[in-house]
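# Working through the structure, step by step
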Amino acid sequence: MAKPIPKIGSRKNGRIGSRKHARKIPKGVIHVQASFNNTIVTVTDVRGRVISWSSAGTCGFKGTRRGTPFAAQTAAGNVIRTVAKQGMQRAEVMIKGPGLGRDAALRAIRRSGILLNFIRDVTPMPHNGCRSPKKRRV
């Protein structure tokens, strides 16, 4: 009995998605999500596939220090350094959230030398949707 011919993309004949060389990405989108407790910076290509990401927690900040502007600046610097090696020159910036790291992350991105097409605030704003939780009594 003849053996079946393995498909090119099958899992048996090697790892899927492994690359010998990094992709060259000339243009991308930088997403900054700044909450009060942490700041997450994600870089995607134009189609939305994640290239690199970092957060204040992965940079070594713990506890309340993760929400600081310096932690956000460090996280943004780490991501920009990795995508600059892959050849990114232009980017669009999407900022979401009310945290302290918004401006610091944007400042780090501006200083990196990547040309920014636009900066957009995509913080979700309710148009009187759900009822908010009752106020805290301390």
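Right above here is the structure, for reference.
None of these values were measured; they are calculated from a predicted model.

### Some remarks on the pairing of strand E2 (residues 39-45)
- By the criterion of burial, E2 is predominantly enclosed, with 6 of the 7 residues buried.
- In the sheet, strand E1 (residues 27-34) pairs with E2 via 7 bridges, with the strands oriented antiparallel. When the sheet's bridge partners are listed, Val32 is paired in E2 with Val41.
- Counting the residues that bridge the hairpin from E1 to E2 gives 4 residues.
- The sheet contact formed by E2 and strand E3 (residues 50-55) spans 5 bridges and is antiparallel. Paired with Thr44 across the strands is Val50, a residue of E3.

### Some words on the side chain of Ser54
- Counting through the fold element by element, Ser54 comes out in strand E3.
- A polar contact of 3.5 Å, which involves the side chain of Ser54, links it to the side chain of Thr58.
- Other than its neighbours up to four places away in sequence, Ser54 contacts Thr39, Ile40, Val41, Cys59, Ala75, Asn78 and Val79.

Conventions adopted
- Residues numbered from 1 in each chain as written.
- Predicted model: local features only at pLDDT ≥ 70, side-chain atom pairs only at ≥ 80, totals over all residues.
- Heavy atoms only, no water.
- Buried < 20%, exposed > 50% of the residue type's maximum accessible area, 1.4 Å probe, protein only.
- Helix = DSSP H or I, 4+ residues; strand = E, 2+ residues; numbered from the N terminus.
- Pairing = 2+ DSSP bridges.
- Polar contact = N/O pair within 3.5 Å; in protein donor to acceptor, adjacent residues only side chain to side chain.
- Contact = heavy atoms within 4.5 Å.

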